[in-house]
Structures are given as C-alpha cells and as structure tokens.
Amino acid sequence: LQDNYILGPGDEIVISLRGQENSEFRAAVDRDGRVLLPRLSPIMAAGRTLGDFRRDVLDAIHRAYISTQAFVTIGALRQVSVAVVGEVNNPGVRLMNGLSTASDAILLSGGVKKTGSLRNVHIIRHGRSIPVDLYAYLTDRGHARSVQLTEGDRIVIPALGRTVAITGWVRRPGIYELAPGTGAITARSALQLAGGTEVRGRYRLSVLHIENDGGTKLVPVTEGSTVRDSEILFVQPGASE
C-alpha cells in the first residue's frame, strides 16, 4: 500500500522487529482509532496516513527497544459497509474494502442507468456531501477524484442532468451531460468531449437551436459558439464559403 492510504478501525497492522529483539506483532486499529503494541503507549492511527503512522511507530520503537529495526506493513484491510442508491441498476448495501472508491461500489451495483447522472454523483458522509465527477474516467480531461470509502457512506446517483448531443464526423458521437450548475458549453469544448474530429481537415459546424416557441432551427456556428441544453451540434466536412 502507498503511504497516503488512510487508516481506519479494522485495519490490521503488522510490525516486524529485527536486531536485538526479533519478533512480530499483529494488531488491529480498535474502535477508538488506536493501535496497542507491547511496551509502547497506544498510538493513534484512524484518520491518519500509513506513512505518518509508520513514522510514529518507528520513533516509539527506537525509544523502547535497543539496537532494533522495525518494519511496518498492513496485514489485512478493513471492511466497510456502504449504501448505493439512486439511478443504478442494483441499488443496495455493498461490503467493500478500505481501498474501494465510489466507482468500485457503483460497478458492483451494476453500473449507472441511462437515466442516471455521471457528473453529479455524491458521497454523503456524516452529513457532508462529497461530489464525484465520473466523466474524469471517461475522458482525458483532468483527473478522477479518488475518495476512499468509509463505514456508513451513502453514494447517491441522481437523475441525468442537462445534456447536449454531438453527431457527425467526430470520434465519439453521443449525448453528453453538462457539468453541474451549467446550462451550456462551447462548440470547441463539445468537440473535445467527443474526442475531436475523425480526420484532420476543415469542418462545417451547425447547431439545432430550440426556439422560444418550442420550434427548432439549424444555425451555422463557430467553435467559440455556445451549445445549450438539449441542443444538437452537427459536425460535417467542408468549410463555409
């Protein structure tokens, strides 16, 4: 495990001593978040990174044991129970390990329905809401936010938000959900979501606008133009005269 792993109750710690003292201790992080080891004062572990905890253990062992080296590892990961609710194929309670993220729990629940949002997923933890944008896994824009699950987390997948459609000579034509709180996107950003054009060249862009009376109108646009909620961006080869 990497040093940035967050410890929690139920994680098993393995400490090996080599030197004047040769022994191995195994201890779980208790409900109070502490680890109890022979000849050492209780060491707080829950909510801390493995790297920080390891440094405290090594310091304590150097004070308590003479000419002894210590090695600290994880013996077993804790199990956490989380609820996955909303627009997933199989909502319910899932048993995960301490390394699991929201995307792991969603996949275990059969994935998000077509009616579900990929951009507005929330982890509810102790009354606090942690947003997760799954588009980071689907596109090359930015990095996915990796939040380790903890006991009692509730993962909420709401209904699909505002969308735009892209069709024509693009690599991934389809319907794309807009970021939460936005109602429009530039044609350039829409092209990036769709993976860009199929081949190099000049293209003619047009948007099927929705008029105030509910009618539609096909309007030529540039890459800097705005595509609004429920509108369709058409990408066709050729340049405007």
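I will try to describe carefully the structure that is included in this document.

Rules and cut-offs
The residue count restarts for each chain, going from 1 along the sequence in the order it is written. With the structure being a predicted model, the display of local features is reserved for residues of pLDDT at least 70 and the display and counting of side-chain atom pairs for 80 or more, all residues being used for whole-chain, interface and lining totals. The side-chain quantities take in all heavy atoms of the structure and omit both hydrogens and water. A pair of strands counts as paired when DSSP detects no fewer than two bridges linking them. For the purposes of this entry, the term helix denotes a DSSP run of H or I that reaches at least four residues, the term strand denotes a run of E that reaches at least two, and both are numbered from the N terminus. Between N-to-C directions, angles span 0 to 180 degrees; the directions come from axes that are lines fitted to C-alpha atoms, helices contributing only their stretch in contact. A contact between two residues is defined here by any heavy atoms of the two lying within 4.5 Å. In the analysis that follows, any N or O atom pair within 3.5 Å is treated as a polar contact, provided that within protein one partner can donate a hydrogen and the other can accept it, and provided that, for residues neighboring in sequence, both atoms belong to side chains. Only protein chains enter the accessibility calculation, which uses a 1.4 Å probe; a residue is then buried when its area is under 20% of its type maximum, exposed when over 50%, and partly exposed in between.

## Remarks on the sheet that holds strand S9 (residues 128-132)
The sheet built from 5 strands is open, its strands ordered S7-S6-S10-S8-S9 with mixed pairing. Two strands close off the open sheet at either side, each with one partner strand: strand S7 (92-97) and S9. Strand after strand, the sheet turns through a mean of 30° between neighbouring axes, direction not considered. Inspection of the sheet shows strand S8 (residues 121-125) paired to S9 by 5 bridges, in the antiparallel sense. The partner of Ile 123 across the bridge, within S9, is Ile 130.

## Structural notes on the environment of Arg 125
Among the secondary structure elements, Arg 125 is positioned in strand S8. Expressed as a C-alpha distance, the spacing of Arg 125 and Tyr 65, which sit 60 residues apart in the sequence, is 40 Å. Residue contacts for Arg 125: discarding those within four places in its chain leaves Ile 130, Val 147, Gln 148, Leu 149, Thr 150 and Asp 153. A polar contact of 2.7 Å, which involves the side chain of Arg 125, links it to the side chain of Asp 153.

## Focus: the side chain of Asp 153
Structurally, the position occupied by Asp 153 is in the loop between helix H3 (135-138) and strand S10 (154-157). The exposure class of Asp 153 is buried, given its relative accessible area of 1%. At 2.9 Å, the side chain of Asp 153 and the backbone nitrogen of Thr 150 are in polar contact. If near-sequence neighbours (up to four positions away) are discounted, Asp 153 is found in contact with Ser 81, Val 82, Ala 83, Ile 123, Ile 124, Arg 125 and Gln 148.

## Let's talk about the sheet that holds strand S1 (residues 12-19)
Within a beta sheet, neighbouring strands are joined by backbone hydrogen bonds and run either parallel or antiparallel to one another. Ordered by their spatial adjacency, 3 strands build an open sheet running S2-S1-S5, and the pairing between neighbours is antiparallel. The outermost strands of the open sheet, each flanked by one partner alone, are strand S2 (23-28) and strand S5 (68-76). Averaged over all neighbouring strand pairs, the angle between strand axes comes to 20°, with direction disregarded. Summarising the sheet, S1 and S2 pair through 6 bridges and their orientation is antiparallel. Residue pairing for S2: Ile 15 is matched across the bridge by Phe 25.

## Observations regarding unusual backbone geometry
Although it is not a glycine, Ser 67 adopts a positive phi angle of roughly 50°. Along the chain, Ser 67 turns up in the loop between helix H1 (50-64) and S5. The exposed category is assigned to Ser 67, whose relative accessible area is 58%. If you check the backbone angles, Ser 230 has positive phi at about 75° while not being a glycine. Judged by its relative accessible area of 46%, Ser 230 falls in the partly exposed class.

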